[in-house]
Each structure stands twice: as structure tokens, then as C-alpha cells.
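Each chain, letter by letter, is given below.
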Amino acid sequence: MFLAIDLSLYITAIKETLFMTFVSSFISYVIGIPLGVLLYSTAKDGLTPNSAVYNFLSLLVNIFRSIPFLILLILILPITRVLVGTTIGAKAVIPPLVFSASPYIARMVESSLKEVDLGVIEAAKSMGATNFQIITKVLLSESKPSLLIGAAITITTILGYSAMAGAVGGGGLGDVAIRYGYYRYNQDIMLITVVLLVIIVQLIQELFMGIARKSDKRL
Amino acid sequence: MAIIEIKNLKKVFTTKNDKLVALQDINISIEKGEIFGIIGLSGAGKSTLVRMINFLERPTEGDVYFENKNIGTLNAKELRNIRKEIGMIFQNFNLLEQKNVLKNVLFPLEISGAEKETSIKKAKELLELVDLSDKEKSYPSQLSGGQKQRVAIARALATNPKVLLCDEATSALDPKTTNQILNLLKRINRELGVTVVIITHQMSVIENICDRVAILDQSRVVEMGAVNEVFKAPKSDIGKKLIFGATENKDVDFEKSNNKTCLRLAFDGSMTNEPIIADMVLTTKHSVSILYANSRMIDGKMLGQIIIELPDDKEIQLKMKQFLDSKNIIYWEV
Ligand SMILES: Nc1ncnc2c1ncn2[C@@H]1O[C@H](COP(=O)(O)OP(=O)(O)O)[C@@H](O)[C@H]1O
Ligand SMILES: [Mg+2]
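Model, not experiment: these values are computed from the prediction. Residue numbering note: each chain is counted from 1, following its sequence as written. The naming scheme follows written order: chains are lettered A onward, ligands numbered 1 onward. In keeping with the predicted nature of the model, local features appear solely for residues at pLDDT of at least 70, side-chain atom pairs appear and are counted solely at 80 or more, and the whole-chain, interface and lining totals rest on all residues. Calculated side-chain values reflect all of the structure's heavy atoms, with hydrogen atoms and water omitted.

Enquirer: Where do I start with the interface of chain B and chain A in this structure?
Expert: Size of an interface, as often reported, equals the accessible area lost when the parts are brought together. Contact with chain B, which involves 22 residues of that partner, is made by 23 residues of chain A. By buried area we mean the combined loss of accessible area, with a 1.4 Å probe, across both parts when two parts are placed together. In total, about 2100 Å² of surface goes out of reach between chain B and chain A, with carbon and sulfur atoms giving 56% of it. The salt bridge definition used is simple: a Lys or Arg side-chain nitrogen within 4 Å of an Asp or Glu carboxyl oxygen. For the pair chain B and chain A, the number of links is two salt bridges. With a closest N to O distance of 2.9 Å, Glu110 of chain B and Lys137 of chain A form a salt bridge. Here a helix means four or more residues in a row that DSSP labels H or I, a strand means two or more in a row labelled E, and each is numbered from the N terminus. The set of elements that each furnish at least two residues to the side of chain B that touches chain A consists of α2 (76–83), β6 (86–90) and α3 (101–111) of chain B. At four residues, the largest contribution of residues to the side of chain B that touches chain A is made by α3 of chain B. We call two residues in contact when some of their heavy atoms are within 4.5 Å.

Quick look at the structure:
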């Protein structure tokens with residue numbers, strides 16, 4: 001068997017995959033959360049309804065969400081080069097991942113915030129809370145379990161996309177699967193990388209769902 | 001001295017193709033230290049009215065004064081500061097579900113930037129006041145409705161408000177718990193001197209703890225005055241309906257046998273605590289059956305209605321009616 005041909009090959013690939021996934025997820029959340037909050041706040045029943053801002057953001061988010069990832073990957077190559085100085089390797093996959101994940105996260109965050117009871121927001125207002133306090137101390141904190149469930153879905157999706165980036169030499173498990181498994185017809189390597197991907201997805205999923213369950217005080 | 005003054009208030013809700021006048025010609029003056037009730041049927045505009053007191057809802061026209069300050073002229077920061085002086089509790093409690101009891105009570109102090117040590121001390125005192133010291137670490141989902149409302153009350157009092165607005169605060173609670181909450185509100189009013197404004201559709205709530213009442217019907221105040229005055233002699237139709245029972249115009253749940261004569265006696269408060277039925281039975285020397293009774297004593301006056309079934313004998317019936325006439329009891333055959 002070829003399992004041991006190059007153990008370090010898999011280890012490096014796993015590291016790269018995790019690196020791409022978590023760095024992109026982190027940056028995407030840094031962009032996605034404020035964007036989601038802005039969508040929520042400017043929506044019709046939001047804290048500061050503003051249909052012009054809402055419609056603009058909403059359109060922007062939808063445009064980025066509807067561009068297929070592989071197309072986006074190629075489309076923003078010039079931007080990627082400027083941002084990370086290269087267009088190959090794990091680092092180069094981060095900008096396209098962020099571009100496609102941030103709008104997705106923004107929608108997830110918007111919908112999580114919408115789950116917060118309007119009565120609770122009204123109560124906070126009646127206590128003299130500012131909108132900023134309502135966002136940070138009521139909305140984000142009350143929707144934490146929902147946000148964590150969203151994170152489980154988002155991060156595993158980003159992981160899936162990162163594997164796709166292997167197609168353009170992006171590194172990681174997807175890259176191994178394509179280079180060794182697909183181009184060289186090595187079924188074993190293909191299978192192992194797929195199994196590894198499944199395991200990682202499963203672990204991330206379980207981890208975040210577990211935290212979400214544990215943090216939810218409504219039960 | 002009036003702590004809250006509502007002047008010529010009007011609220012119009014504009015929806016896509018409709019304009020709804022939720023409130024109009026509202027003039028109410030709430031005195032410092034009183035418990036003021038606002039009653040009306042569902043949709044009368046009660047919540048809208050109470051939400052305009054702290055400007056959660058902006059009036060379309062008219063003014064609201066809090067301690068002689070016109071709330072409508074305040075900037076955002078001043079408005080937030082006024083809101084800290086006006087606590088509010090709700091039908092659905094509106095607690096922060098992801099925070100424990102103590103953190104819920106701390107919340108208004110935290111957003112006011114109060115110092116942590118003193119805040120915790122204050123929150124614990126308030127939990128003591130509402131008798132929930134042992135639930136500090138519990139989460140709202142682990143509490144009963146009555147306990148949740150007590151947490152909400154403690155939270156609303158954290159900033160030492162001068163007024164407490166209660167929007168249907170007992171409507172989601174059973175009668176026993178309702179009484180506990182009402183007693184607590186009464187205590188807060190008496191002991192802390194907090195002016196309490198109570199919104200409800202339940203007459204018993206007004207009767208229980210309010211000093212004065214405004215009856216709201218179809219966007220207007222149709223009647224206002226001291227509770228015992230209004231209860232003795234309600235002038236508006238809706239007032240009569242609310243006070244003499246919602247059953248007034250509906251079929252009361254009583255079994256009327258065919259061809260029996262039944263009388264409905266209405267007690268409008270002009271009678272004092274006289275045993276009317278017993279006296280009538282003694283005077284006429286004939287008994288009657290009580291089919292339905294919904295009456296109450298207010299301020300030593302009897303209010304409500306009783307339905308009795310008379311004996312078949314026409315002569316006795318006449319005697320009984322004469323007796324009722326002599327006592328100025330309003331009655332009619334049903
Ligand atoms: N935000 C709103 N937009 C449109 N109509 C509203 C709004 N809030 C309340 N209303 C309407 O105003 C009327 C009074 O409502 P409300 O004050 O909630 O009554 P109550 O509390 O007495 O049941 C109702 O007809 C209700 O449908
Ligand atoms: Mg209401």
C-alpha cells in the first residue's frame with residue numbers, strides 16, 4: 001500500500017488546509033459580522049432603518065454570493081497578487097475565500113440577529129441603551145448560540161471551498177487529491193484525502209455545535 | 001404634582017395604503033406617587049400610549065412632559081437619560097435569555113456605566129426585594145412566569161426610576177401569581193415612592209391596586225377618575241361593560257329552565273353592603289335560586305350583577321319586584 005509513501009505529504013496538506021480555512025474564516029468574520037449587523041440595523045424593522053443603505057448592501061452581498069467560487073478565484077487574481085504578493089499556494093487562496101465567505105457570513109449574521117426577540121430590544125431601549133450597546137450587549141450576545149451554529153456551517157463550507165482551490169495549485173488536501181489522485185490516477189491517495197477531509201469537517205462541525213449547545217441557556 | 005403630563009396626544013400609524021388613528025385627544029396627568037391604571041379592550045391603544053410616555057413610540061401630535069420637561073424636545077442622549085428614570089416591564093418579561101438573573105438585573109447598571117462593585121450590591125438588594133436572592137445564578141428559562149416578572153421588576157428598578165410603566169405585566173400569569181406581582185408593585189409604590197402606571201385589560205387589576213383609572217376605548221380616553229368613583233358609577237358604555245362584567249351583553253353561563261321567570265339585578269354601587277337577596281327572601285317569605293352572581297365590593301359598595309330565578313307564583317313575583325323597587329335596585333327580566 002501507499003499509505004506511508006509520504007506521511008509528511010498529508011501532514012503538510014492538513015496544516016495547509018487548516019491554515020487556509022481558519023485564517024479565511026477569521027478574516028471573513030471580521031468583515032462579515034459588521035456587514036451583517038449593518039444589514040440587520042438598516043433593514044425595515046432594524047434599529048436605524050435606512051432602505052437606501054440596506055438595498056445597496058443587500059445587492060452587493062447577493063452579487064458576491066452568486067459568483068461561483070472558481071470564477072471568483074480567477075477573477076480576483078490581480079487583487080490577490082496585490083494583497084498577498086502571490087497567486088499560488090495556500091496564502092493565495094485566502095483572498096478569494098474571504099471574498100466569497102464574507103457576504104455569506106453577513107447573511108448568516110443578519111438572520112441570527114433577526115431571531116432575537118424584538119421585545120428584549122425594546123426593553124433595552126426602555127433602559128436607555130444606545131444602539132451600539134444594543135448591538136454588542138443584546139443582539140450579539142443573545143444570538144450567540146445561533147451565531148455559533150452559523151459558524152459551524154460557514155467554516156466547513158470554507159473548508160470545502162479551500163479544497164476546490166487545489167485546482168489552481170492552492171495547496172492543502174484538495175491540492176493533493178487533484179495532483180496525486182486525479183492527474184496521476186492514484187486512487188488510494190484520492191481516497192485518503194477525501195476521508196481526511198470528511199474527518200476534519202466532522203470534527204469542526206461537532207466542535208462548534210457542541211459549543212453552541214453548551215452556551216445556549218434557553219434549555 | 002404631576003410627574004407625567006400627556007397633552008393632546010395623537011398617534012397615527014401609516015401603513016402602505018392605510019392610516020390608522022391609534023390614539024387621539026389624549027390628556028392625562030399622572031400624579032407623583034400614585035398608581036395610575038389605564039384599561040381598555042385589546043386594540044384600544046393602551047400599549048401605544050404607554051410606549052409614548054418614554055418615547056419608544058413618537059407621538060404624531062401633542063406632548064409628553066416628565067417632571068415638566070417636554071420629552072419631545074430632548075436630544076438622543078437626554079432622552080436616554082430620561083428613560084433611565086422611567087422603568088418598564090412587559091407582558092412577556094423580555095429578559096435576556098442568555099444571561100443569568102443577576103446579570104439581567106445588572107444590565108441597566110452596566111449600560112449606565114455604573115461602577116461594578118456598587119452595581120452588584122444594588123442588584124443583590126433588588127433581588128432581595130423581589131424575594132429571588134436564591135435564584136441569582138439561574139437562567140430565565142429555569143424560572144416560572146411570576147419569577148421572571150419579578151426579575152424584570154428588579155431590573156427595571158436598578159436605575160432608581162421615579163416611574164414604573166407596566167404593560168400588561170400580569171396578563172401572562174395565573175390569578176395567584178398575578179396577586180403576588182400586584183402586591184409587589186404596591187409595595188414598591190408605598191415603600192420606594194415609585195409612581196406606577198399600569199396598563200391592563202383586566203378590571204380586577206385596576207380594582208386591586210390603582211388609585212386612579214383612565215378607560216381607553218377606540219383611541220380615546222372615555223372616562224377618567226378615582227377608581228372608587230369610576231367603579232361606583234361608570235358613565236361610558238365600555239366602562240359599564242368592563243365593570244359590571246364582560247358578560248353584560250353576552251349570554252351569561254346560567255341554566256334557565258323554560259317558562260321560569262328570571263331577573264337580572266344590577267348593582268351599580270348605590271347599594272351598600274346589605275344582604276339584599278336574604279332580605280327579599282325574609283320579606284316575601286319565599287326563596288329564590290341564584291343562577292349567576294358576579295359582584296364585588298368596592299369601597300363598601302356592591303357592584304356587579306346577580307341573576308335569580310323567581311318562584312312561579314305571579315303574586316310572589318310582584319312582591320319581590322316591589323321589594324327590589326323599594327331598595328332602588330336596577331333589575332330586568334331575562
Ligand atoms: N407599529 C404599528 N403599526 C401599525 N399599527 C399599529 C402599530 N402598533 C399598534 N398598531 C395598531 O394600533 C392599535 C392599538 O394598538 P395597541 O396600542 O397595541 O393596543 P392595545 O395595547 O390596547 O391592545 C391597534 O389597532 C394596532 O393594530
Ligand atoms: Mg397591548
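That covers the picture; the talk isn't over yet.
Enquirer: In this structure, what is going on with helix α1 (residues 46–53) of chain B? I would like to understand it.
Expert: Given 3.6 residues per turn, any residue in an α-helix points the same way as the ones three and four places further on. Residues and elements named next belong to chain B. Accessible area is worked out with a 1.4 Å probe on protein chains only. A residue is then buried under 20% of its type maximum, exposed over 50%, and partly exposed in between. Burial analysis of α1 places seven of its eight residues in the buried class, the great majority of the element. The complete set of buried residues in α1 reads Lys46, Thr48, Leu49, Val50, Arg51, Met52 and Ile53. Trailing α1 by a residue or two, Phe55 shows a phi angle of about 60°, which is positive.

Enquirer: What is the right way to read the confidence of the model for chain B from this model?
Expert: Close inspection of predicted coordinates is inappropriate in any region flagged by low pLDDT. Residue and element names in this part refer to chain B. Scored by pLDDT, chain B has a mean of 90; 93% of the residues are at 70 or more. For residues 246–251, every residue scores under 50 in pLDDT, and the model assigns this stretch nine contacts once sequence neighbours within four places are set aside. Prediction confidence for the complex, expressed as pTM and ipTM, is 0.83 and 0.89 respectively. Note on scores: pLDDT gives the predictor's confidence for each residue, bounded by 0 and 100.

Enquirer: Even after reading the chapter, I still don't get the pairing of strand β4 (residues 61–66) of chain B, so can you show me in this structure?
Expert: The side chains of a regular strand alternate between both faces of the sheet. Examined bridge by bridge, strand β1 (residues 2–15) of chain B and β4 of chain B share five bridges and lie antiparallel to one another. Residue pairing across strands places Lys7 of chain B opposite Asp63 of chain B, the latter belonging to β4 of chain B. At least two DSSP bridges between two strands are required for those strands to pair.

Enquirer: Could you clarify how one ought to interpret the packing of aromatic side chains in this entry?
Expert: Think of a pair of aromatic rings as described by two things: how far the centres are apart, and how the planes are tilted against each other in angle. Think of it this way: a Phe, Tyr or Trp ring, Trp meaning its six-membered ring, pairs with another when their centres are within 6.5 Å, and the plane angle makes it stacked under 30 degrees, edge-to-face over 60, tilted otherwise. Per the counting criterion, the structure on display carries two aromatic pairs over all chains. Ring geometry for Phe64 of chain A against Phe99 of chain A: centres 5.7 Å apart, planes inclined by 35°, an arrangement best described as tilted. Remark: Phe99 of chain A occurs in helix α5 (residues 90–114) and Phe64 of chain A occurs in helix α2 (residues 51–66); sequence separation between them is 35 residues. For Phe64 of chain A, a relative accessible area of 25% gives the class partly exposed. Judged by relative accessible area, Phe99 of chain A falls into the partly exposed class, the value being 26%. A positively charged side chain is recorded as over a ring if its NZ (Lys) or CZ (Arg) lies within 6 Å of the ring centre. The angle to the ring normal must also be within 35 degrees. The ring of Tyr180 of chain A carries the charged tip of Arg184 of chain A above its face, separated from the ring centre by 4.5 Å. Over the ring of Tyr65 of chain B we find Lys7 of chain B; its NZ or CZ atom is 4.9 Å from the centre of that ring.

Enquirer: What exactly am I supposed to notice about the sheet that holds strand β8 (residues 195–200) of chain B here?
Expert: Strands in a sheet are paired, the pairing made by backbone hydrogen bonds, and the direction either parallel or antiparallel. Residues and elements named next belong to chain B. With mixed pairing, six strands are arranged side by side in an open sheet as β6-β7-β8-β3-β9-β10. Each edge of the open sheet is held by one strand with a lone partner, namely β6 and β10 (220–226). Looking at each pair of strands side by side, their axes are set apart by 15° on average, direction ignored. Where strand β7 (residues 163–167) meets β8, five bridges bridge the pair, whose relative direction is parallel. In the strand pairing of β8, Cys166 is matched with Ile198. The convention used is that axes are lines fitted to C-alpha atoms, helices contributing only their stretch in contact, and that angles between N-to-C directions extend from 0 to 180 degrees. Contacts between helix α5 (residues 145–157) and the sheet are confined to β6 and β7, with β6 contributing the most and set at about 165° to the helix. The sheet strands contacting helix α6 (residues 175–192) are β3 (35–40), β6, β7 and β8, and the helix crosses β8 at an angle near 155°.

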